[in-house]
Number of protein chains: 2
Amino acid sequence: MEQQMKQIEGGVTAAKGFEAAGTEAGIKYQNRKDMALVYSTAPCKAAGTFTTNVVKAAPVLWDKDIVENSPFVQAVVVNAGIANACTGKQGMDYCREEAITAATLLNIPENAVLIGSTGVIGMQLPIDRIREGIRKLAAAKAGTPEAGTLAAEAIMTTDTRKKEIAVRFTTQDGKEVTVGGMCKGSGMIHPNMCTMLSYVTTDAAISRTLLQEALGTSIIDSYNMISVDGDTSTNDTCLVLANGLAGNAEIVQKDADYDRFYEALHFVNTYLAKQMAGDGEGATALFAATVYNAASKQDARILARSVISSNLSKAAIYGHDANFGRFLCALGYSGVQFDPEKIELFFESGAGKMQVYKDGAAVDYSEEEATRILSESEVTVLVDMKAGTESATAWGCDLTYEYVKINADYRS
Amino acid sequence: MEQQMKQIEGGVTAAKGFEAAGTEAGIKYQNRKDMALVYSTAPCKAAGTFTTNVVKAAPVLWDKDIVENSPFVQAVVVNAGIANACTGKQGMDYCREEAITAATLLNIPENAVLIGSTGVIGMQLPIDRIREGIRKLAAAKAGTPEAGTLAAEAIMTTDTRKKEIAVRFTTQDGKEVTVGGMCKGSGMIHPNMCTMLSYVTTDAAISRTLLQEALGTSIIDSYNMISVDGDTSTNDTCLVLANGLAGNAEIVQKDADYDRFYEALHFVNTYLAKQMAGDGEGATALFAATVYNAASKQDARILARSVISSNLSKAAIYGHDANFGRFLCALGYSGVQFDPEKIELFFESGAGKMQVYKDGAAVDYSEEEATRILSESEVTVLVDMKAGTESATAWGCDLTYEYVKINADYRS
């Protein structure tokens, strides 16, 4: 199916009726954009998934309530620099103030405004600057690809590059439907809604129930299969807004149109997730693990995630070191039972593919060849479990000096 | 009770009848000792706990069998440099060859010889050099403190210092009982029998059942409460050998003597565990987390381990950064349910103690004061859960450039 997916220019503004903006509000960073707005000219159905962390940031609590209880949403306001997490009642009051400010300026209800924050935990927002930022965003919003890019840039924290994508497909009744998205995420990234903010917009007409179901299913093999550092954030949020402006017959059952929509949504989510993994803090390489012939899908996911989450495996990738025992070790402590004598291990990248482990021991491979394969910017460890037919892929990145540097100095 | 514990000089040779040796066998390292022997002049009861990793090194499989099925043990042969893990049938054959060699030279049965290996996974042992090493060890063994130290040095890999300790107590019938130990462990350290080799010797007379029970209980709050990098090794092994030469009435029930023995064993295990955490690869500080007033003991353990296992928390400790949100975040994703508004957070070290979080938000604390406290070589994060009466402490270390360097270059 994937070859039918048409990737197009743009991100959150690619779908009909969506506008965006990014601006400098001086929240914490200097001389860079740090606030973004996504706005829909028409009311949207919304779906969301949020961090599983017991410690939930104020905007996460705010958004959960809106997604579950509001009749519709129409805007998302995001700031970078301060996470508004561990901020008590004051933090919740600031969320409400943000929503009221945006609602007033955009002439929409207060409970149609979603809020996102990312950055340092434990600090209060400078609410005056936030309000001034929202004013600028409301004045600047536009439906152009450039406006979408400004928003994608404004939500970055330690990200080194913006992350956006858009795809288009045609429904059975001949309507063009667009799904676009942007996200940020680099540190505090780990399965179970990784530390990330991800915003997906679509002009598809789809029931709220199916929108939430599609999102809930898609995150399992996209965002929840990446890890940068094993830390599940307080602020993880993924939202999908659907305004129906494509004019297609509303998707209300799991028919061919639902399948196409799901495919488009999952393509966008997987792309954004991989972008986050590859742009992990300090990363020099995207480090993927594909586990196949596993006894169950869940086993495959757990094994793949265990490999890309292992600090020792990540450090080996950074060192271009074919230290395959570390990958085996990570498989072994994943919690999945298997026979180490039966499985096989391979390395693969743009520079080739080679087997390194079989029948319980190393195969006779060339270290130089292995180093050459592991020196690429995208490296995959392949594991044949020989236990069934299920497979899964997880994405992470290497562990570098730079990761430590970024996180030892993050607040200063 | 702990004040009654008398720490004495020495390690594995402190208890009556135990001898040791360390020698250069050229397994992988050059110009350093890399093989050790622990030997008892009298047959020992043995207890052991081993890695929970599905991928178990050959010596782990060997030792499990010996501990469970041999009538007694009398020697342990250990090598550093190569782990003899992921080595298939050849690896098991080499274990047997090691045991036969040692048994022949020491005039004890083959199934009285325990084997330990640590180092690179996936390489075969140079068995000729191993055999030659065992010959040298058997010739050099002695019951002196110096011999114990040589053994403790020989089992190091990336450790920066040897780890040994001995304590002595008196039984109700007036006999002096000694418990001594040595261990190695620096990388691949994580709860569930951390990557480590730990060997404890005692002259106590104690039933095999109670010896295993004492060990099994003690590891829960000692070795299993430390983490360096979240990677549970293929080789984790903790062995206790008891030869009964102290002459005390054999401990066969949980009486006052059992309690004293347990206390001594746990003191030794806790000391060795903390030594490993503080000497974590690249570490500049011992990073402890004490969780108290938790609803259950298990909650307290999980919460404490989550804090010291978090890469972001560890990097903050390295940066002497009072970024308390990261500790809260790690508590939040631990899996334990709690109310973030209720708990309180403190930092403590030799330089003082201060509160940083209360009532769901930061307290008004001095950043300079916090940095001063966090700049010590031993730093503790204290968490008051206000949910019950149980507490636990976990030990880890900071995450540094040096950790990455060691692990990106480990094999080269």
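Residues numbered from 1 in each chain as written. Chains lettered and ligands numbered in written order. Predicted model: local features only at pLDDT ≥ 70, side-chain atom pairs only at ≥ 80, totals over all residues.

**Here we look at the overall build of chain A**
From N to C terminus, chain A includes 11 helices and 15 strands. A globule of 412 residues ought to have a C-alpha radius of gyration of about 22 Å, and chain A, at 22 Å, matches this closely. C-alpha atoms of chain A, sized along the principal axes, occupy 70 × 55 × 35 Å. When the 412 residues of chain A are sorted by exposure, 63% land in the buried category. Long-range contacts, defined here as pairs at least 24 residues apart, represent 80% of the contacts in chain A between residues at least 6 apart. (Helix = DSSP H or I, 4+ residues; strand = E, 2+ residues; numbered from the N terminus. Rg over C-alpha atoms; globule rule 2.2 N^0.38 Å. Buried ≥ 20, exposed ≤ 12 C-beta atoms within 10 Å, placed from the backbone. Contact = placed C-beta atoms within 7 Å.)

**Examining the interface of chain A and chain B**
Facing 56 residues of chain A, the contacting portion of chain B comprises 56 residues. Those elements that provide at least two residues to the side of chain A that touches chain B are helix 2 (88-106), helix 8 (311-318), helix 9 (324-332), strand 13 (361-362) and helix 11 (401-408) of chain A. If one sorts the elements of the side of chain A that touches chain B by residue count, helix 9 of chain A sits on top with eight residues. Looking at the side of chain A that touches chain B residue by residue, the classes come out as 26 nonpolar, 22 polar and eight charged. (Nonpolar A, V, L, I, M, F, W, Y, C, P; charged D, E, K, R; others polar.)

**Thoughts on the relation of the copies chain A and chain B**
Its rotation angle being 180 degrees, the transformation that places chain A on chain B also includes 0.0 Å of axial translation and leaves an RMSD of 0.0 Å. Such values leave the two copies arranged in the relation of a two-fold axis. In terms of proximity to the rotation axis, the leading residue of chain A is A:Tyr401, whose C-alpha is 2.4 Å off the axis. (Least-squares fit on C-alpha atoms with pLDDT ≥ 70 in both.)

**A few points about the sheet that holds strand 12 (residues 352-358) of chain B**
Sheet strands line up and pair through hydrogen bonds in the backbone, either parallel or antiparallel. On the basis of which strands lie adjacent, the open sheet formed by six strands has the order 13-12-11-14-10-15 (chain B) and mixed pairing. Strands at the two margins of the open sheet, each flanked by one partner only, are strand 13 (361-362) and strand 15 (390-397) of chain B. (Pairing = 2+ DSSP bridges.)

**Focus on the sheet that holds strand 13 of chain A**
Residue and element names in this part refer to chain A. Taking strand neighbours across the sheet as the criterion, the six strands line up as 13-12-11-14-10-15 in an open arrangement whose pairing is mixed. The open sheet terminates on both sides in strands that have one partner only, identified here as strand 13 and strand 15 (390-397). Examined bridge by bridge, strand 10 (residues 286-294) and strand 14 (residues 378-384) share seven bridges and lie parallel to one another. Directly across from Thr290, in strand 14, lies its bridge partner Leu382. Its contacts with the sheet place helix 6 (residues 256-278) against strand 10 and strand 15, and it is angled at close to 45 degrees to strand 15. Of the strands in this sheet, strand 11 (344-349), strand 12 (352-358) and strand 14 are in contact with helix 10 (residues 367-374), which crosses strand 11 at around 55 degrees. (Axes fitted to C-alpha atoms, helices over the stretch in contact; angles between N-to-C directions.)

**Describing the packing of helix 8 of chain A against helix 11 (residues 401-408) of chain B**
Look at helix 8 of chain A against helix 11 of chain B: their axes get within 8 Å of each other, and the N-to-C directions meet at 70 degrees. Compared by their axis directions, helix 8 of chain A and helix 11 of chain B come out roughly perpendicular. Seen from helix 8 of chain A, the contacting residues are A:Leu312, A:Ala315 and A:Tyr318; seen from helix 11 of chain B, they are B:Val404, B:Asn407 and B:Ala408. A class-by-class count of the residues in the contact of helix 8 of chain A with helix 11 of chain B yields five nonpolar, one polar and no charged. (Parallel < 35°, antiparallel > 145°, perpendicular 65-115°, else oblique.)

**Structural notes on the environment of A:Lys254**
Mapped onto the elements of the fold, A:Lys254 is located in the loop between strand 9 (237-242) and helix 6. Expressed as a C-alpha distance, the spacing of A:Lys254 and A:Leu210, which sit 44 residues apart in the sequence, is 8.0 Å.

**Examining the domain arrangement of chain A**
Note on interface size: it is often stated as the accessible area lost on association of the parts. Residues and elements named next belong to chain A. The domain boundaries assigned to chain A delineate domain 1 (2-278) and domain 2 (286-408). With centres defined by C-alpha atoms, the gap from domain 1 to domain 2 works out at 32 Å. If you look at the interface, domain 1 gives 13 residues, while domain 2 gives 14 residues. Grouping the amino acids of the side of domain 1 that touches domain 2 by side-chain chemistry returns six nonpolar, five polar and two charged. (Domains from an automatic or database assignment.)

**Concerning helix 11 of chain A**
All buried positions along helix 11 of chain A are accounted for by A:Tyr403, A:Val404, A:Asn407 and A:Ala408. Along the axis of helix 11 of chain A, the buried residues cluster in a sector spanning 120 degrees; they form a single face. Its buried side turned inward, helix 11 of chain A meets helix 8 (311-318) and helix 11 of chain B. (Arc of directions from axis to C-beta.)

**Some thoughts on the confidence of the model for chain A**
Residues and elements named next belong to chain A. Mean pLDDT for chain A: 90, with 94% of residues reaching 70 or above. Taking the mean pLDDT of every element in chain A, the minimum, 76, falls on helix 11 and the maximum, 98, on helix 3 (residues 127-140). Reported confidence for the predicted complex is 0.71 by ipTM and 0.79 by pTM. (pLDDT = per-residue confidence, 0-100.)

**Thoughts on helix 8 of chain B**
Residues and elements named next belong to chain B. Counting buried positions along helix 8 gives eight out of eight residues, so the element sits mostly inside the fold. Residues of helix 8 that are buried: Asn311, Leu312, Ser313, Lys314, Ala315, Ala316, Ile317 and Tyr318. Directly after helix 8, the chain includes His320, whose backbone phi takes a positive value near 50 degrees.

**Concerning the nonpolar core**
Counting 289 residues, the largest nonpolar core has A:Ala151 and B:Ala151 as its most contacted members. B:Ala151 has contacts with B:Val12, B:Ala20, B:Ala21, B:Gly22, B:Ala36, B:Leu37, B:Val38 and B:Met182, leaving out every residue within four places of it along the chain. (Core = buried A, V, L, I, M, F, W, Y, C linked by C-beta atoms within 7 Å.)

**A few points about the pairing of strand 11 of chain A**
Residues and elements named next belong to chain A. Direction of pairing for strand 11 relative to strand 14: antiparallel, over a ladder of six bridges. If you follow Leu345 over to strand 14, its bridge partner there is Val383. Two strands pair when backbone bridges link them, and strand 11 and strand 12 are joined in this way by five bridges, in the antiparallel orientation. Note that in strand 12 the partner of Glu348 across the bridge is Lys353. With antiparallel pairing between neighbouring strands as the criterion, strand 11 and strand 12 make up a hairpin whose turn holds two residues.

**Focus on the packing of helix 7 (residues 297-309) of chain A against helix 9 of chain A**
Residues and elements named next belong to chain A. Direction vectors running N to C along helix 7 and helix 9 enclose 135 degrees, while the axes themselves pass 8 Å from each other. Classified by the interaxial angle, the pair formed by helix 7 and helix 9 is oblique. Of the two elements, helix 7 crosses helix 9, and the hand of that crossing is right-handed. Residues Leu303, Ser306 and Val307 of helix 7 form the contact with helix 9, whose own contacting residues are Phe327, Ala330 and Leu331. Within the contact of helix 7 with helix 9, the residues separate by chemical class into five nonpolar, one polar and no charged. (Left-handed = near helix turned anticlockwise from the far one by under 90°.)

**Looking at the environment of A:Leu245**
Residue and element names in this part refer to chain A. Tracing the backbone through its elements, the reader meets Leu245 in the loop between strand 9 and helix 6. Separated by 134 residues in the primary sequence, Leu245 and Val379 place their C-alpha atoms 40 Å from one another. If sequence neighbours within four positions are ignored, Leu245 has contacts with Lys16, Gly17, Ala42 and Asp203.

**As for the pairing of strand 7 (residues 176-184) of chain A**
All names here are of chain A. Across the nine residues of strand 7, eight count as buried, placing the element largely inside the fold. In the sheet, strand 6 (residues 163-170) pairs with strand 7 via eight bridges, with the strands oriented antiparallel. Following the sheet pairing, Phe169 is matched in strand 7 by Val177. Following strand 6, the chain reverses through five residues before pairing antiparallel with strand 7; Gly174 in that reversal takes a positive phi of roughly 80 degrees. Of the pairings in the sheet, the one linking strand 7 to strand 8 (residues 197-202) comprises six bridges and is antiparallel in character. Counted as the bridge partner of Lys184 is Leu197 from strand 8.

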